[in-house]
Each structure stands twice: as C-alpha cells, then as structure tokens.
Amino acid sequence: MTDVAAYPHELKPIAAEDGGGFVASFPDIPGCLGVGDTPEAALADGRQALFACIDALKASDRTPPEPSGG
C-alpha cells in the first residue's frame, strides 16, 4: 500500500470571487487536487483524490511516481 502522507502537498486559498475555500495539490501527481472550505477539508479531499490517482495509475499498469519528499 502506498503511503499518501509521504507525498508533499501545497495548500492555496481560492479567491472569494471564485467561491472561496482552499485547494490542495500534489506536485508529484499533476492534476490531482482536493478542495474544501478549510485547509483541513481540502487536504482530506486531496488525500482521497491521491488514493484514486495512484489506484488509477496502478490499474493501467503504470508505476506511480515515488514521493519527492517535499
């Protein structure tokens, strides 16, 4: 099982005119994002997305990248 906590993440606020909240991204897996009203919610959503991205890579016989360690 892949340790998603090992993947570095970035948290950024979403502008109020775009709905507000936060977005979590994972530089090692481009396009893998999570959103939420709080930083914690965005990171939790992002970790679920990260699991799904890693599972999709494995299902297509692609090796997920190793975490860069941040």
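In the block above lies the structure referred to throughout.
Basis of the calculations
Throughout, a residue's number is its position along its own chain's written sequence, starting from 1. Per-residue local features are limited, in this predicted model, to residues with pLDDT of at least 70; the limit for side-chain atom pairs, both in listing and counting, is 80 or more; totals at the level of whole chains, interfaces and linings are taken over all residues. Processing note: side-chain calculations cover all non-hydrogen atoms of the structure and skip hydrogens and water entirely. Pairs of strands are assigned from DSSP output, requiring at least two bridges between the strands. Labels follow the DSSP assignment, with helices taken as runs of H or I lasting at least four residues and strands as runs of E lasting at least two, numbered in each case from the N terminus. In this analysis, axes come from line fits to C-alpha atoms, helices being fitted only over the stretch in contact, and the angle between any two N-to-C directions falls in the range 0 to 180 degrees. Exposed residues in this analysis have more than 50% of their type's maximum accessible area, buried residues have under 20%, and partly exposed residues fall in between, with area computed by a 1.4 Å probe over protein chains only. Neither His nor the chain termini are counted; the positive set is Lys and Arg, and the negative set is Asp and Glu. Here, a salt bridge means any Lys or Arg side-chain nitrogen found within 4 Å of an Asp or Glu carboxyl oxygen. Two N or O atoms form a polar contact when they lie within 3.5 Å of each other; inside protein one atom must be a possible hydrogen donor and the other a possible acceptor, and for residues adjacent in sequence the pair counts only when both atoms belong to side chains. By definition, residues are in contact when any of their heavy atoms lie within 4.5 Å. In these notes, a set of buried Ala, Val, Leu, Ile, Met, Phe, Trp, Tyr and Cys residues joined through side-chain atoms within 4.5 Å is what counts as a nonpolar core. Here the expected span of a helix is defined as 1.5 Å times the quantity of residues minus one.

Student: Is there a simple way to explain the sheet that holds strand S3 (residues 33–36) in this structure?
Tutor: For sheets, the rule is that strands pair by backbone hydrogen bonds, running either parallel or antiparallel. Spatially, the three strands line up as an open sheet ordered S1-S2-S3, and their pairing is antiparallel. Of all the strands in the sheet, just strand S1 (10–13) and S3 have a single pairing partner and so form its edges. Each adjacent strand pair in this sheet contributes to an overall mean axis angle of 20 degrees, direction not counted. Summarising the sheet, S1 and strand S2 (residues 22–25) pair through four bridges and their orientation is antiparallel. Residue pairing across strands places Lys12 opposite Val23, the latter belonging to S2.

Student: Even after reading the chapter, I still don't get the side chain of Asp28, so can you show me in this structure?
Tutor: Positionally, Asp28 belongs in the loop between S2 and S3. Buried charge without a partner: Asp28 forms no salt bridge, and the closest opposite charge is Arg47, 12 Å away. Among the polar contacts listed, one links the side chain of Asp28 to the backbone nitrogen of Ser68, at a separation of 2.8 Å. Setting aside its immediate chain neighbours within four residues, Asp28 contacts Tyr7, Pro8, Pro65, Glu66, Pro67 and Ser68.

Student: When you look at the pairing of S2 in this model, what are you seeing that I'm missing?
Tutor: Side chains on a regular strand alternate between the two faces of the sheet. Where S2 lies against S3, four bridges are found, and the strand directions are antiparallel. Among the inter-strand pairings, Val23 is bridged to a residue of S3, identified as Val35.

Student: What is the right way to look at the nonpolar core in this model?
Tutor: For soluble globular proteins, nonpolar side chains are generally found buried alongside one another. In this structure, Val4, Tyr7, Phe26, Ile29, Cys32, Leu43, Ala49, Leu50, Ile54 and Leu57 together form the largest nonpolar core, which totals 10 residues. The residues contacting Cys32, other than those within four sequence positions of it, are Ala24, Ser25, Phe26, Gly46, Ala49, Leu50 and Cys53.

Student: Quick question: what am I supposed to make of helix H1 (residues 39–59) here?
Tutor: One turn of the α-helix equals 3.6 residues, which is why residues spaced by three or four share an orientation. Under the 1.5 Å per step criterion, the end-to-end length of H1 is 30 Å for 21 residues, consistent within 8% with the ideal 30 Å. Tucked into the core, H1 has its buried residues touching S1, S2 and S3. Note on H1: the residue one or two positions beyond its end, Asp61, has a positive phi of about 60 degrees.

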